[in-house]
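# Residue-level structure breakdown
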Amino acid sequence: MKAVNWAILAPGSIANRMAEAMQKSKDKTNLNLYAIGSRDIKRSKEFADKYGFEKAYGSYKELLSDPKVDAVYIANPHAFHFDSIMQCFEAGKHVLCEKPAVCNMEQLNKVIEKSKEKKLFFMEAMWTAFNPCIQKVKNIIYEKKLIGDIKHIESTFYIRVPFDPKHRLWAPDLAGGALLDLGIYNLYYAMTINNFVPIKKHSSNVKLVNGIDAWNSVDLTFENGVTTHFQSSCDMPNTIEATIYGTKGFISAKLFFLQQKAEVHVYKGEEGNDNDLVETVEAPFDVNGFEYQLIDANENILKGKTESDVHSFQRSLDLCKIMDQLRNDWGFKYPFEK
């Protein structure tokens, strides 16, 4: 069977992690590290040499013009994802695009329509969907039922990036802000832990700075009565943690978006003031966490499928829909949406 020839479009910091996953996953799935495309040929060559890619191109156009490229991992800022995805499809390339795949529902619907029309694979690179530790946590909840029935999911994703209007997190024209870059993880974590039960209502608060959401606080209620509260910010001291509360106990996790460990606590009494640590869940990554979504995408491409069963088109749509609703509540649009 022919290996899938993978290319990376935009070899920035996040692309290094995917390149490492590609390099160390070759024995687990039938893929080939084929090409790198950058607007800077020197950078492209350096990246290709570092990870062992066969080709280096000094423009995205050159990369997409190469008939040997089968699939492209898109790693540029998400304001440019829509155009890059559509260019890949027009060139006949499958796509794995860094999250968020696009900036709004209008773009996402067009992407999915084009993927189906061209019969090309597309997936948003939401690595949380494939996280082995999260899957073990769900087993604790739904199979072992150690914490009883889920009642509430609490999470915080704060990082502190000094204000710089040119930095992608602070720039409206680059689709900056906390929600699409950080809060997307809080939201997806709650949705996947709660098995994608539909959301029936939401409320939120936001602090807008320089035309982007520097901080947000969101409350959601799912149709099954489970609630979630999360906050995300790009101007607060680093705090990344989540807690899943049940009727009999709770599960806590640091760095929940790249979770490799979680602690299961069970209440000693009805009042819940004391608890016992009854289990520590550990699932170290084989490489760096990017490998699982890569392998899933590669296997689906080899099977001729256009979407993943794990992180499907519908799950991307559900995720994007609530983010659009929140930004609409805040009266917050990016310049390219006006």
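Quick note: structure is the one above.
The paragraphs below set out a description of the structure included in this document. (Residues numbered from 1 in each chain as written. Predicted model: local features only at pLDDT ≥ 70, side-chain atom pairs only at ≥ 80, totals over all residues. Heavy atoms only, no water.)

We now examine the overall build of the chain. On a plain count of helices and strands, the chain comes out with 9 helices and 14 strands. Each principal axis of the C-alpha atoms in the chain carries an extent, and together these give about 65 × 45 × 35 Å. Considering only contacts within the chain whose residues lie at least 6 apart along the sequence, 67% involve residues at least 24 apart. Carbon and sulfur atoms make up 47% of the accessible area of the chain, which amounts to about 14800 Å² in all. (Helix = DSSP H or I, 4+ residues; strand = E, 2+ residues; numbered from the N terminus. Contact = heavy atoms within 4.5 Å. Areas by Shrake-Rupley, 256 points an atom, 1.4 Å probe, with all protein chains shown as cover.)

Reported here for the largest pocket is a volume of approximately 870 Å³. Along its surface, the largest pocket is lined by 35 residues, and Ser13, Ile14, Ala75, Asn76 and Arg168 are the ones closest to its centre. Counting only elements with at least two residues in the lining of the largest pocket, the list comes to helix H1 (13-24), helix H4 (81-90), strand S7 (150-160) and helix H7 (178-193). Element by element, the count of residues in the lining of the largest pocket is highest for H4, at 4 residues. (1 Å grid on protein atoms, 1.4 Å probe; cavity = no way out; pocket = protein on both sides within 12 Å on 5 of 7 lines; lining within 4 Å. Points joined across faces, edges and corners; volume = space filled by probe spheres on them.)

On to the sheet that holds strand S4 (residues 71-74), then. With parallel pairing, 6 strands are arranged side by side in an open sheet as S3-S2-S1-S4-S5-S6. Strand pairing shows two members of the sheet lacking a second neighbour, strand S3 (55-57) and strand S6 (122-125), which therefore form its edges. Adjacent strand axes in the sheet meet at a mean angle of 20°, parallel and antiparallel pairs treated alike. Inspection of the sheet shows strand S1 (residues 4-9) paired to strand S2 (residues 31-37) by 6 bridges, in the parallel sense. In the sheet register, Asn5 faces S2, and the bridge partner there is Asn32. Here H4 sits on the sheet and contacts S1, S4, strand S5 (94-98) and S6; the angle it forms with S5, its principal contact strand, is near 165°. (Pairing = 2+ DSSP bridges. Axes fitted to C-alpha atoms, helices over the stretch in contact; angles between N-to-C directions.)

This next bit is on the packing of aromatic side chains. One pass over the full model with this rule turns up 19 aromatic pairs. Taking the centre distance of 5.0 Å and the plane angle of 50° together, the rings of Phe47 and Tyr51 count as tilted. Pair noted here: Phe47 and Tyr51 are both in helix H2 (residues 41-51), with a separation of 4 residues, about one helical turn. The class of Phe47 is buried, set by a relative accessible area of 6%. Aromatic rings pair up to connect Trp127, Phe157, Tyr185, Tyr189, Phe256, Phe257, Phe285, Phe290 and Tyr292 into one cluster. One residue, Arg327, lies across the ring of Phe332, its end atom 5.6 Å from the ring centre. (Phe/Tyr/Trp six-rings, centres within 6.5 Å; stacked < 30°, edge-to-face > 60°. Buried < 20%, exposed > 50% of the residue type's maximum accessible area, 1.4 Å probe, protein only. Lys NZ or Arg CZ within 6 Å of the ring centre and 35° of its normal.)

Moving on, we come to the packing of H1 against helix H8 (residues 291-302). At a closest axis distance of 9 Å, the pairing of H1 and H8 adopts a crossing angle of 65°. Pair H1 / H8 crosses with right-handed handedness. Packed against H1, whose contacting residues are Met18, Ala21 and Met22, the element H8 presents Glu291, Gln293 and Leu294 at the interface. Among the residues making up the contact of H1 with H8, the classes are represented as 4 nonpolar, 1 polar and 1 charged. (Left-handed = near helix turned anticlockwise from the far one by under 90°. Nonpolar A, V, L, I, M, F, W, Y, C, P; charged D, E, K, R; others polar.)

Before going further, it helps to examine unusual backbone geometry. Of note, the amide linkage connecting Lys99 to Pro100 takes the cis form, showing an omega dihedral of -20°. As for its placement among the helices and strands, Pro100 is situated in the loop between S5 and helix H5 (105-118). Of note, the phi angle at Asn195 is positive, near 55°, even though the residue is not glycine. Positionally, Asn195 belongs in the loop between H7 and strand S8 (199-209). Unusually for a residue other than glycine, Asn210 sits at a positive phi of about 55°.

On to the side chain of Asp296, then. Looking at the element boundaries, Asp296 is found in helix H8. It turns out Asp296 is buried and unbridged, and the closest side chain with the opposite charge, Lys303, is 7.4 Å from it. Once you skip the residues sitting within four places of it in the chain, Asp296 turns out to touch Met123, Phe130, Ser308 and Val310. (Lys, Arg positive; Asp, Glu negative; His and termini not counted. Salt bridge = Lys/Arg side-chain N within 4 Å of Asp/Glu carboxyl O.)

Turning next to the pattern of salt bridges. Across all of its chains, the model carries 15 salt bridges by this definition. Between Asp70 and Lys2 there is a salt bridge, with its nearest N and O atoms 2.6 Å apart. Residue Asp70 is located in the loop between helix H3 (60-65) and S4, and its partner Lys2 is located in the segment before S1; the two are separated by 68 residues in the primary sequence. Taking the shortest distance from any N to any O, the salt bridge between Lys114 and Glu117 comes out at 3.6 Å. Of this pair, Lys114 and Glu117 both sit in helix H5, 3 residues apart, roughly one helical turn. By relative accessible area, which is 16% here, Lys114 ends up buried. Classification of Glu117 by relative accessible area gives partly exposed; the value is 48%. It is possible to trace a salt-bridge network through shared partners that takes in Glu90, Lys114, Glu117 and Lys118.

Everything listed here is a matter of coordinates, which is why it stays silent on function.
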